[in-house]
Amino acid sequence: MALPLRKKAMIQTERLTLKPYSMADVDVLAGLLIHPEITKTFMVPDFESPEQAKALAEKLVNFSRIEDTAHLEYGIYLNGALIGFINDCGIEDEEIEIGYVVHPDFQGHGYATEAVRAMLEALREMGFHKVTAGCFQENDASRRVMEKCGMVRTDQIDEDEYRGERRVSQYCEICFE
């Protein structure tokens, strides 16, 4: 059985705030979910309409509520503006897999590393013993983020078809004592 999440109302880093979304974030979040640079590296559904992306964004807003102890979903905010998100891709017992996105306009400034590092600490405090994250094999930037945060590469490899292409994902993990 999955460990129930004891989410914090806010996680503050030097430059970022990680917190639940508000309904005012739906349009920006939907924009992240359909952004062509993001969909190249982060698996999201291939939406048939903007309304479908907006419906998923509304669902994610609800998942981010503190009262929701089954889903990890936080917006990444810089100076009050939503620039990305970090969420769970699966929870089993005391292990959790996370995924993260930072809008391409804000990449290359260390924001993903700062957000993931803060989330790893929060997950350790919640009682998780192992955190994994994966990325497409060619996504060196994401792999570097994981490594900067103390995660180490594992032997786990997944092959999936995504948007008509065969994609290979590699994984990193960190274990807490």
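Report on the accompanying structure. Just so it is clear, the model here is predicted, and its values are computed rather than measured.

1. A few points about the sheet that holds strand β3 (residues 73-78)
Spatially, the 8 strands line up as an open sheet ordered β1-β2-β3-β4-β5-β6-β8-β7, and their pairing is mixed. A single partner strand is all that each edge strand has here, and the edge strands are β1 (11-12) and β7 (152-162). When strand β2 (residues 16-19) meets β3, the two strands line up antiparallel, connected through 4 bridges. For lysine 19, the partnering residue across the bridge sits in β3 and is glycine 75.

2. A closer look at the side chain of arginine 167
Among the structural elements, arginine 167 can be located in strand β8 (residues 165-175). Engagement of the side chain of arginine 167 in a polar contact is seen with the side chain of glutamate 138, the distance being 2.3 Å. Excluding residues within four positions of it along the chain, arginine 167 makes contact with Lys40, Phe136, Glu138, Asp158, Glu159, Asp160 and Tyr162.

3. Some words on the pairing of strand β6 (residues 130-136)
Counting buried positions along β6 gives 5 out of 7 residues, so the element sits mostly inside the fold. Pairing of strand β5 (residues 95-102) with β6 involves 4 bridges; the strand directions are parallel. By the bridge assignment for β6, glutamate 97 is matched with threonine 132. Crossover handedness for the path β5 to helix α4 (residues 111-126) to β6: right-handed. Pairing of β6 with β8 involves 7 bridges; the strand directions are antiparallel.

4. A short note on the side chain of serine 142
For serine 142, the location among the structural elements is in helix α5 (residues 140-148). On the accessibility criterion, serine 142 (11% relative accessible area) is buried. Beyond its immediate stretch of four places on either side in the chain, serine 142 contacts Tyr100 and Cys135.

Rules used throughout
Residues numbered from 1 in each chain as written. Predicted model: local features only at pLDDT ≥ 70, side-chain atom pairs only at ≥ 80, totals over all residues. Heavy atoms only, no water. Pairing = 2+ DSSP bridges. Helix = DSSP H or I, 4+ residues; strand = E, 2+ residues; numbered from the N terminus. Polar contact = N/O pair within 3.5 Å; in protein donor to acceptor, adjacent residues only side chain to side chain. Contact = heavy atoms within 4.5 Å. Buried < 20%, exposed > 50% of the residue type's maximum accessible area, 1.4 Å probe, protein only. Right-handed = clockwise from strand over helix to strand, strands pointing away.

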